[in-house]
2 protein chains.
Amino acid sequence: MYPSAMRVREFRESDWPQVWAIVREVVRAGETFVYDPAMTELDARATWVETPPGRTVVAVDGDRVLGTAKMGPNRPGPGAHVSTASFMVAADARGRGAGTALCRHAVAWAREHGYAGMQFNAVVAANRAAVDLYLREGFAIVGTVPRAFAHPALGRVGLHIMYLEF
Amino acid sequence: MYPSAMRVREFRESDWPQVWAIVREVVRAGETFVYDPAMTELDARATWVETPPGRTVVAVDGDRVLGTAKMGPNRPGPGAHVSTASFMVAADARGRGAGTALCRHAVAWAREHGYAGMQFNAVVAANRAAVDLYLREGFAIVGTVPRAFAHPALGRVGLHIMYLEF
């Protein structure tokens, strides 16, 4: 029934327990995000639940949150015309297109809001699922900082900067 | 008498008025930093005066603060073995080597503290003084995000990601 039963909508307060479960799982694994693996629930909320001009969304199937995204300006001031976004999908919901749906949603939102492009600042080069998804969606690898990410199994791997100009 | 009379030392509380004058001048100009040009003094303090493991230093000639730098981990968690740093020099103190002295000080500090390299996340491509300084000090341009910085006179110019692996 996927992805036909899936939709992306605004984050609501009542989503937080499920969103936190996803963020905790992803951050504790330490394989894909440059977040502190010991991040508390309060830190996670402050990091993941964006305030305007940014926003946070969820990919849901009924009441089940499959994944979540946050988006907004990549930098303040003279960098604020470039957007950024981050995506997390629950481990047991992967392969159903939630990541792709969230990425397309974020890009569409950024285009509609007049951003000039979308930049990802630190994509783990070993995270092929993410890198391939972004490449399919039109992002280019601007450059790679070698050995900048300490992967728990693979050791130090590169971090890509990726960009899609609108 | 420059740069022989210049030295780099730890930031002290009593330096703040002079450091804030430099930060305000640089940020209001809007030509080199992706900071909000309307940044308040309180924002500037929170942004510029680092707490451990990061730190903030000043380049001084006697009681005069010529420039300032902050340094620390570029990212938390699995990215914390890469350092970053930022540098600002008072407009009327440029050309005396304060930027070079601050950059060398930050790189030496990061090496001593076991970092694997130093990354600059957003170097304005049109800021030739900074780009040339970093290239002279051994940094490479990892990539450039095109038109990612809105320069008040030049329009949208690129932002370099620069890296020096130790």
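In the block above lies the structure referred to throughout.
So, a few notes on the structure that sits alongside this text. (Residues numbered from 1 in each chain as written. Chains lettered and ligands numbered in written order. Predicted model: local features only at pLDDT ≥ 70, side-chain atom pairs only at ≥ 80, totals over all residues. Heavy atoms only, no water.)

1. Looking at the overall build of chain A
Quick note on the threshold: Under the DSSP-based scheme used, a helix requires at least four consecutive residues in state H or I and a strand at least two consecutive residues in state E, with every element numbered from the N terminus. Only C-alpha atoms enter the radius of gyration, while the globule expectation follows 2.2 Å times N to the 0.38, with N the number of residues.
For chain A, the helix and strand inventory stands at four helices and seven strands. Going residue by residue from the N terminus, the α and β elements of chain A occur as β-α-α-β-β-β-α-β-α-β-β. In terms of overall size, chain A behaves like a compact globule, its C-alpha atoms giving a radius of gyration of 15 Å where 166 residues would be expected to give roughly 15 Å. Considered along the principal axes of its C-alpha atoms, chain A spans approximately 40 × 40 × 35 Å.

2. Some thoughts on the interface of chain A and chain B
Using the following cut-off: Any two residues whose heavy atoms approach within 4.5 Å at even a single point are treated as in contact. In short, buried area is how much 1.4 Å probe accessible area vanishes from two parts on joining, totalled over both. Between Lys or Arg on one side and Asp or Glu on the other, a salt bridge is scored when a side-chain nitrogen of the former is within 4 Å of a carboxyl oxygen of the latter. In protein, a polar contact means a hydrogen-donor-capable atom and an acceptor-capable atom, both N or O and within 3.5 Å, with residues adjacent in sequence counting only if both atoms are side-chain atoms; elsewhere, any N or O pair within 3.5 Å suffices. When residues are sorted by character, Ala, Val, Leu, Ile, Met, Phe, Trp, Tyr, Cys and Pro go into the nonpolar class, Asp, Glu, Lys and Arg into the charged class, and all the rest, Gly among them, into the polar class.
Counting residues at the interface gives 30 residues for chain A, matched by 30 residues for chain B. Across the chain A/chain B interface, buried area totals approximately 2,300 Å², and carbon plus sulfur atoms make up 62% of it. Together, Arg-75, Pro-78 and His-81 of chain A form the three largest contributors to the area buried by chain A at its contact with chain B, with a combined 24%. A salt bridge links Arg-147 of chain A to Glu-165 of chain B, with the shortest nitrogen-to-oxygen separation between them at 2.7 Å. Viewed at the interface, chain B and chain A are joined by six residue pairs in polar contact (both at pLDDT 80 or more). Those elements that place two or more of their residues in the side of chain A that touches chain B are β5 (117-124), β6 (140-151) and β7 (155-165) of chain A. Its residues assigned to classes, the side of chain A that touches chain B shows 17 nonpolar, eight polar and five charged.

3. Digging into the relation of the copies chain A and chain B
Defined as follows: When the copies are superposed, the least-squares fit takes in the C-alpha atoms of residues with a pLDDT of at least 70 in both.
Expressed as a screw transformation, the operator carrying chain A onto chain B has a rotation angle of 180° and an axial translation of 0.0 Å, and the superposed copies differ by an RMSD of 0.0 Å. What the superposition gives is, in effect, a two-fold axis relating one chain to the other. Residue Gly-143 of chain A of chain A places its C-alpha closer to the rotation axis than any other residue of that unit, at 2.3 Å.

4. What about the sheet that holds strand β5 (residues 117-124) of chain B?
Residues and elements named next belong to chain B. The test is simple: Two strands qualify as a pair provided DSSP detects at least 2 bridges between them. An axis is simply a line fitted to the C-alpha atoms; with a helix, the fit covers only the stretch in contact. Between two such axes, the angle follows the N-to-C directions and lies from 0 to 180 degrees.
The strand order across the open sheet formed by seven strands is β1-β2-β3-β4-β5-β7-β6, and the pairing between neighbours is mixed. Only two strands of the sheet have a single partner each, and these edge strands are β1 (7-10) and β6 (140-151). Strand after strand, the sheet turns through a mean of 25° between neighbouring axes, direction not considered. Pairing analysis gives seven bridges linking strand β3 (residues 64-73) to strand β4 (residues 82-89), with the strands arranged antiparallel. Residue pairing for β4: Thr-68 is matched across the bridge by Met-88. Where helix α3 (residues 98-112) meets the sheet, it contacts β1, β2 (55-61), β3, β4, β5 and β7 (155-165), and its direction lies at approximately 160° from that of β4.

5. Brief notes about the sheet that holds strand β1 (residues 7-10) of chain A
Residues and elements named next belong to chain A. With respect to topology, seven strands assemble into an open sheet ordered β1-β2-β3-β4-β5-β7-β6, the strand pairing being mixed. Looking at which strands have only one partner, the edges of the open sheet turn out to be β1 and β6. Recorded for the sheet is a direction-independent mean angle of 25° between the axes of neighbouring strands. Across the sheet, helix α3 (residues 98-112) is in contact with β1, β2 (55-61), β3 (64-73), β4 (82-89), β5 and β7; its angle to β4 comes to roughly 160°.

6. Some thoughts on the packing of aromatic side chains
Each aromatic ring pair is described using two quantities: the centre-to-centre distance and the angle formed by the ring planes. Rules: Ring pairs shown here join Phe, Tyr and Trp side chains whose ring centres sit within 6.5 Å, with only the six-membered ring taken for Trp; geometry is labelled stacked below 30 degrees between planes, edge-to-face above 60, and tilted in between. Exposure classes here rest on a 1.4 Å probe applied to the protein chains alone. A residue is buried below 20% of its type maximum, exposed above 50%, and partly exposed in between. Sitting over a ring, as applied to charges here, requires NZ of Lys or CZ of Arg to be within 6 Å of the ring centre and within 35 degrees of the ring normal.
Under the criterion given, the structure shown has 18 aromatic pairs over all chains. Seen from their ring centres, Phe-87 of chain B and Tyr-134 of chain B are 6.0 Å apart, and the 45° between their planes marks the pair as tilted. Taken together, the residues span a long stretch of sequence, with Phe-87 of chain B in strand β4 and Tyr-134 of chain B in helix α4 (residues 128-136) at a distance of 47 residues. Residue class for Phe-87 of chain B comes out buried when judged on its relative accessible area of 11%. Judged by relative accessible area, Tyr-134 of chain B falls into the buried class, the value being 10%. A ring pair is formed by Phe-120 of chain B and Tyr-134 of chain B, whose centres lie 4.4 Å apart and whose planes are at 45°; its orientation type is tilted. Taken as a pair, Phe-120 of chain B in strand β5 and Tyr-134 of chain B in helix α4 lie far apart in primary sequence, 14 residues in all. Three or more aromatic residues joined by ring pairs form one cluster here, namely Phe-87, Phe-120, Tyr-134 and Phe-139 of chain A. Over the ring of Trp-16 of chain A we find Arg-45 of chain A; its NZ or CZ atom is 5.4 Å from the centre of that ring.

7. Here's the deal with the pairing of β4 of chain B
Residue and element names in this part refer to chain B. What counts here: For crossovers, right-handed means that the path from the first strand over the helix to the second runs clockwise, given strands pointing away from the viewer.
Among the eight residues in β4, eight count as buried, and that is most of the element. What you see with β4 is no split at all: Val-82, Thr-84, Ser-86 and Met-88 on one side and Ser-83, Ala-85, Phe-87 and Val-89 on the other are buried throughout. As defined by bridge partners, β4 adjoins β5 across two bridges and the pair is classed as parallel. Bridging from a neighbouring strand, Ser-83 pairs with Met-118 of β5. Once you follow β4 into α3 and on to β5, the crossover reads as right-handed.

8. So, helix α4 (residues 128-136) of chain A
Residue and element names in this part refer to chain A. Counted only if it meets this: As used here, the arc is the angular range of directions from the helix axis to the C-beta atoms.
Taken together, the buried positions of α4 are Ala-130, Val-131, Leu-133 and Tyr-134. Around the axis of α4, the buried residues are gathered within 160° of arc, so they sit on the same side. Turned more than 90 degrees from where α4 packs its buried face, Ala-129 and Arg-136 sit exposed. Buried residues along α4 sit against β4, α3, β5, β6 and β7. Where α4 ends, the next residue or the one after it, Gly-138, has phi of about 105°, a positive value.

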